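The lines below spell out each chain.
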Amino acid sequence: MHPRYVVLSLALAGALATFAPPPARAAEDPVLWPEEQRAFLQDGPALLLPESERASFAALDAAARTRSIAEFLARDPLPATPENELALGIARRQQLAAEEFLSPLDVRAQLLFLNGKPAERLVIDCGQAFKPLEIWGYDVGSDPDPENRRRELLVYRPLPTAPYKLWRPAEGKRALYSRDMEKLLDDFEALRGQIRAVRFDLQVCEETPRVDKASGVNGLFGFRKGRPTGADFERFLAPPEDLGAWAAAAAKTALPAKATADAPRLALGDLQMLYPDRRGQRLLARALLTLPPGSVRASTPATEKEKPELRLTLQGMLEQDGRPFEEFRLRFRLEPPAAGVPVALALERALRPGAFLLRFDLKDDVSGARVRLARGFQVPREPEAVAEPPVPDDVVVALGEDLGLERPAGRDSLILVPPEEDVVLGLWRAEALVSGGRIVKVVFLVDGAVQLTRAKTPFSAEVRLAEFPVEQVVRAEGYDERGELVAADEVVVNQPRGALQVTILAPGRGVKVSGQTLSRAEVSVPEGKRIESVDFRINDATVASLVKPPWQAQIEVPVGGDVAYLTVVATLDDGSRAEDTRFLNAPPNLDRVDVTLVELYTTVFDRGGQPALGLTAADFEVLDGGTPQTITKFELVEDLPLSVGLVIDTSGSMSSSLVEAQRAAADFVRDVVTPRDRSFAVSFSDKPVVLMPPTDDADGVIQALKGLQAVGYTALHDALVTSLYYFRGVRGQRALVLLSDGDDTASHTPYRNALEYARRSGVAIYTIGLAVSPLSAGIRSKLSRLANETGGRAFFVEKAGQLVGVYEEIEKELRSRYYLAYAPTGGGEGFREVEVRVRGGLKARTIRGYYP
């Protein structure tokens, strides 16, 4: 059985797929109407009607709504022309809004539909002063004076979970300010005349005068003469007075290239909604979206070891009662099915009974084809049995990456709340959720060692973690009055992620050991995978088998100094394996089978400072600890896969430059990151925030960089260590681009530790100092040393407008480096300095050294 195909309705649904109506059991909710009728009311066209007509339309039955839509489109307000500009204009304006905003609940989507693109759109990125805020300027009339012609609107996000709304004067100016700034301005007004100071919002945000002008209010209460009224703003959301004029203008709306008819469209098959099970007090709502055979293009492997993949990204939103309920993003990665076999994508959410609207934008990351879909559904009160298999046997079903299982708490239970962040530094407050009345004491342990005990609620404690982010197990044990263990839970913090890889940490290379010895290993685990076991072997005999970290065990090394070899093997739940081997007590003259190649990614410059290309291995000389080395591998990395991280300072001092910094970083990702590469983004103020973890979804990283707010202090050292964590387990060409405008003021990690961690990471760090005074020797020295020690480069610019050129320089370097590898000879166990020399007076830049 092959999936049914659907017809895309561009005129009424803005490229939203149309499906059969859901059951009529709750048809009074518009999200459960037939999709064409729901889209007419909620996705734009009904905005062209007066409120009274919209209400009348909503009160009609299904058949009458169908007739009403047909009659509306048949009006053709410009009958003298061959085209129906009204239908064409609706389709174009819907596409214009949908390209930028997933849901029309965002007032910015409504403004685009009704008025088209603004003449000016200014993002006010001053988190210290304002909530997320934008000024939209439209030219009205034909006055030759631009000042008189331009009408400015203020749109803002009142809450982090709410969509943008239009500001109206009746709300008061304080609705636009952040909570802290509102309080400061209240204090300022109370002391007016008693102090001589510039208004606080003017001090921290250079765009404040624009907000004053657009609102007609200086600060909280400085009302300007002739200030705009609510009617001046609301007219932009009112139905057009002349529908013919609107249709004529809308039909001429220019669309971006990705929204034109020539842009690739992803074909869709059937969509099913299933409710097979409970999740606590909620029901599991499962959407199965079938893609016809051959509709998704497979990736082209870059190497023989790689396999082709289907790569899709889904950005989705759930709405309920006309409000956003949840936003999510899913990634699907799977092997291409056999020819003629469809693929079904599974989306799962735990929801309470009620009516919901699902919207999503699905993109084929390989071909760029995409499609948008909206579908209303009713979550029943009880699970529903599936009468027949939801998909045929020949359909491949793929799950999105963000799926996970909930752990409901039972009687007399204990759950240790995992950290929100992937990387935890310094002190971490561990919180145990205890239910029932039996547990009276909770003991907190780190890697098996007791740190703190709590004998009363709340059962939480600040546990101290390792100096660097290494994998550790935090455990909480709950005991009753008699000292008996009732329940326990544990979480693993700072678990390495990336390609499956095992690294033996102890005993060290060249160390003489005998008898009982502690062996430690680090295991990097791919996302979505679980370790089945980690085995420690001496001369092929298993001496310990572990199923959870820490990955360490006491091993028995033969007494007498005999040569032995230690092997640590990690096996995942899918059966894949990786291992590392180390010879123990090996004499100096023994061939070191366990030597790992040292890899150097090297940039070479000519006398003009430009990358020098066309060199061969014979042009290079590598010295390790002063000893010449034999280059065993050599390649220009122009086309090798790249892993790159972006780190952006969002402290309060960045308020005037953050918008340009975001745009420059987004352009860098767009230009540098290919489907074979991986990237991620981190911001930092008081603490690091992972905006997007490592992914091959460049668009996801670009989206994550939008809408950042500048507020708080500067935790630069913590941000550096956190970012470098994401390169653990990643091989090949790696680079980190770090942007900051000031020195550290908030980190737990001292600079010396952050620098040492950077040296051990092997990642090239490119640092950018923005508006850093030449007199600020401390931060300049830090940024320069980080770059020099790791083979990167330090840049210092005065204005954010210069960042585009800096990112272009970094891009040029990353695609013109040389890869050199060698098996090191000589040297010891400590830090080993590396030098690369190039013939012909050329200069080379690479890491200053490494730890074996």
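The rules behind each value
Residues numbered from 1 in each chain as written. Predicted model: local features only at pLDDT ≥ 70, side-chain atom pairs only at ≥ 80, totals over all residues. Heavy atoms only, no water. Helix = DSSP H or I, 4+ residues; strand = E, 2+ residues; numbered from the N terminus. Buried < 20%, exposed > 50% of the residue type's maximum accessible area, 1.4 Å probe, protein only. Contact = heavy atoms within 4.5 Å. Areas by Shrake-Rupley, 256 points an atom, 1.4 Å probe, with all protein chains shown as cover. Lys, Arg positive; Asp, Glu negative; His and termini not counted. Charge placed at Lys NZ, Arg CZ, Asp CG, Glu CD. Axes fitted to C-alpha atoms, helices over the stretch in contact; angles between N-to-C directions. Parallel < 35°, antiparallel > 145°, perpendicular 65-115°, else oblique. Left-handed = near helix turned anticlockwise from the far one by under 90°. Nonpolar A, V, L, I, M, F, W, Y, C, P; charged D, E, K, R; others polar. 1 Å grid on protein atoms, 1.4 Å probe; cavity = no way out; pocket = protein on both sides within 12 Å on 5 of 7 lines; lining within 4 Å. Points joined across faces, edges and corners; volume = space filled by probe spheres on them. Pairing = 2+ DSSP bridges. Disulfide = S-S within 2.5 Å. Right-handed = clockwise from strand over helix to strand, strands pointing away. Salt bridge = Lys/Arg side-chain N within 4 Å of Asp/Glu carboxyl O. Phe/Tyr/Trp six-rings, centres within 6.5 Å; stacked < 30°, edge-to-face > 60°. Lys NZ or Arg CZ within 6 Å of the ring centre and 35° of its normal. Core = buried A, V, L, I, M, F, W, Y, C linked by side-chain atoms within 4.5 Å. Expected span 1.5 Å × (residues − 1). Arc of directions from axis to C-beta. pLDDT = per-residue confidence, 0-100.

1. What to know about the overall build of the protein
Okay, so step 1: In terms of regular secondary structure, the protein is built from 18 helices and 44 strands.
Okay, so step 2: Its C-alpha atoms give the protein principal-axis dimensions of about 100 × 70 × 65 Å.
Okay, so step 3: Classification of the 852 residues of the protein by burial places 49% in the buried group.
Okay, so step 4: Pairs at least 24 residues apart make up 66% of the contacts formed inside the protein by residues separated by at least 6 positions.
Okay, so step 5: Surface exposure of the protein reaches about 39700 Å², of which carbon and sulfur atoms provide 51%.
Okay, so step 6: One finds the centroid of the 104 positive side-chain charges in the protein at a distance of 2 Å from the centroid of its 119 negative side-chain charges.

2. A word on the packing of helix α16 (residues 751–761) against helix α17 (residues 777–790)
Okay, so step 1: At a minimum axis distance of 9 Å, the contact between α16 and α17 shows a crossing angle of 20 degrees. On the basis of the axis angle, α16 is roughly parallel to α17. Viewed along their axes, α16 and α17 form a crossing whose handedness is right-handed. Along its contact with α16, which presents Tyr751, Leu755, Ala758 and Arg759, the element α17 presents Ser781, Lys782, Arg785, Leu786, Glu789 and Thr790.
Okay, so step 2: For the contact of α16 with α17, the per-class residue count stands at 4 nonpolar, 2 polar and 4 charged.

3. Here we look at empty space enclosed by the protein
Okay, so step 1: If you walk through the whole model with that rule in mind, you get 3 cavities of 30 Å³ or more.
Okay, so step 2: Its volume calculated, the second largest cavity comes out at about 100 Å³.
Okay, so step 3: Taken together, Met273, Ala285, Ala287, Leu318, Phe328, Leu347, Glu348, Arg349, Leu351, Leu358 and Phe377 form the lining of the second largest cavity.
Okay, so step 4: At the level of secondary structure, the elements contributing two or more residues to the lining of the second largest cavity comprise β10 (282–291) and β13 (343–351).

4. Looking at the sheet that holds β13
Okay, so step 1: Here 4 strands make up an open sheet; going across it, the order is β9-β10-β13-β16 and the pairing mixed. The open sheet terminates on both sides in strands that have one partner only, identified here as β9 (271–279) and β16 (396–399). Ignoring which end each strand starts from, the neighbouring axes of this sheet average 30 degrees apart.

5. Considerations on the state of the cysteines
Joining two cysteines, a disulfide is a covalent bond between their sulfur atoms.
Okay, so step 1: Evaluation of the coordinates by the stated rule reveals 1 disulfide.
Okay, so step 2: A sulfur-sulfur separation of 2.1 Å characterises the disulfide bridge that pairs Cys126 with Cys205. Given an S-S torsion of about 65 degrees, the disulfide between Cys126 and Cys205 has right-handed geometry. Of the two residues, Cys126 sits in the loop between β3 (120–124) and β4 (133–139) while Cys205 sits in the loop between α9 (200–204) and α10 (208–215), which places them 79 residues apart along the sequence.
Okay, so step 3: In this structure Cys126 comes out as buried when scored by relative accessible area, which is 3%.

6. Some words on the pairing of strand β39 (residues 764–770)
One face of the sheet, then the other: side chains in a regular strand alternate in exactly this way.
Okay, so step 1: Most of β39 is tucked away, with 7 of its 7 residues classed as buried.
Okay, so step 2: Side chains Ala764, Tyr766, Ile768 and Leu770 of β39 all project onto a buried face; the interleaved residues Ile765, Thr767 and Gly769 project onto the opposite face, where all are buried too.
Okay, so step 3: In this fold, strand β38 (residues 733–740) hands off to α16, which returns the chain to β39; that crossover is right-handed.
Okay, so step 4: As paired strands, β39 and strand β40 (residues 793–797) are joined by 5 bridges and run parallel to one another. Following the sheet pairing, Thr767 is matched in β40 by Ala794.
Okay, so step 5: A crossover connection joins β39 to the parallel β40 through α17; in handedness this β-α-β unit is right-handed.

7. Let's talk about the pattern of salt bridges
Okay, so step 1: Scanning the model with the defined rule gives 62 salt bridges in all.
Okay, so step 2: For the salt bridge of Asp361 with Arg370, the shortest nitrogen-to-oxygen distance reads 2.4 Å.
Okay, so step 3: The shortest N-O distance in the salt bridge between Glu809 and Arg793 comes to 3.5 Å. Pair noted here: Glu809 is in helix α18 (residues 803–814) and Arg793 is in strand β40, with a separation of 16 residues, a long-range link.
Okay, so step 4: On the basis of relative accessibility, which here comes to 26%, the residue Arg793 falls in the partly exposed class.
Okay, so step 5: Because the salt bridges share partners, they merge into one network encompassing Glu120, Asp139, Arg149, Arg150, Glu152, Arg210 and Lys213.

8. Side note on the packing of aromatic side chains
Okay, so step 1: In this structure the tally under the stated criterion is 21 aromatic pairs.
Okay, so step 2: The interplanar angle of 75 degrees and the centroid separation of 6.0 Å between the aromatic rings of Trp33 and Phe57 together place this pair among those described as edge-to-face. Here Trp33 is found in the loop between β2 (16–17) and α2 (35–42), whereas its partner Phe57 is found in helix α3 (residues 51–58), with 24 residues between them in sequence. Of the two residues examined, Trp33 and Phe57, each falls in the buried class.
Okay, so step 3: Residues Phe40 and Phe57 carry aromatic rings whose centres are separated by 5.1 Å and whose planes lie at 50 degrees to one another, so their mutual orientation is tilted. With Phe40 in helix α2 and Phe57 in helix α3, this pair connects stretches of sequence that are 17 residues apart.
Okay, so step 4: A connected cluster of aromatic rings, assembled from ring pairs, spans Trp33, Phe40, Phe57 and Phe72.
Okay, so step 5: Note that Arg759 overlies the ring of Phe831, its terminal NZ or CZ placed 3.9 Å from the centroid.

9. Observations regarding the nonpolar core
Among soluble globular proteins, nonpolar side chains are generally buried collectively.
Okay, so step 1: Counting residues in hydrophobic clusters, the biggest one holds 38 residues, and the most contacted among them are Phe668, Leu739, Ile768, Leu803, Tyr807 and Ile810.
Okay, so step 2: At 8 residues, helix α13 (residues 658–672) tops the list of elements feeding residues into this core.
Okay, so step 3: Setting aside residues up to four positions removed in sequence, Leu803 forms contacts with Ala661, Ala664, Leu739, Ile768 and Val797.

10. Some remarks on the environment of Leu414
Okay, so step 1: Examined against the element boundaries, Leu414 turns out to sit in strand β17 (residues 414–416).
Okay, so step 2: The class of Leu414 is buried, set by a relative accessible area of 6%.
Okay, so step 3: With 21 residues separating them along the chain, Leu414 and Ser435 place their C-alpha atoms 6.6 Å apart.

11. With respect to helix α8 (residues 179–190)
Okay, so step 1: Taking 1.5 Å as the rise per residue, α8 with 12 residues should run 16 Å; its terminal C-alpha atoms sit 17 Å apart, in good agreement.
Okay, so step 2: Those residues of α8 not exposed but buried are Met181, Leu185 and Phe188. Axial view of α8: buried residues confined to an arc of 55 degrees, hence all on one face. Exposed residues on α8 whose side chains face more than 90 degrees from its buried face are Arg179, Asp180, Lys183 and Ala190.

12. Observations concerning the confidence of the model for the protein
Okay, so step 1: Predicted confidence across the protein gives a mean pLDDT of 86, with 91% of residues reaching 70 or more.
Okay, so step 2: For residues 1–27, every residue scores under 50 in pLDDT, and the model assigns this stretch 74 contacts once sequence neighbours within four places are set aside.
Okay, so step 3: A low-confidence stretch, residues 403–410 stays under pLDDT 50, and its non-local contacts, those more than four residues away or across chains, total 11 contacts.

13. Here we look at α2
Okay, so step 1: When you tally the buried positions in α2, you get 6 out of 8 residues, the bulk of the element.
Okay, so step 2: For α2, the complete set of buried residues consists of Glu35, Gln37, Arg38, Ala39, Phe40 and Leu41.

14. Looking at the sheet that holds strand β5 (residues 150–156)
Okay, so step 1: Within the open sheet, the 4 strands sit side by side as β3-β4-β5-β6. Their pairing is antiparallel. Only two strands of the sheet have a single neighbouring strand rather than two, namely β3 and β6 (165–166).
Okay, so step 2: One ladder, built from 2 bridges, connects β5 with β6; its direction is antiparallel. Across the sheet, the residue bridging to Val155 is Leu166, located in β6.
Okay, so step 3: On the sheet, α10 packs against β3, β4 and β5 and is oriented at approximately 110 degrees with respect to β5.

15. What about the pairing of β13?
Okay, so step 1: β13 sits mainly inside the fold: 8 of its 9 residues count as buried.
Okay, so step 2: Two strands pair when backbone bridges link them, and β10 and β13 are joined in this way by 9 bridges, in the antiparallel orientation. When the sheet's bridge partners are listed, Ala285 is paired in β13 with Arg349.
Okay, so step 3: In the sheet, β13 pairs with β16 via 4 bridges, with the strands oriented parallel. Pairing of Ala346 across the sheet is with Leu399, part of β16.

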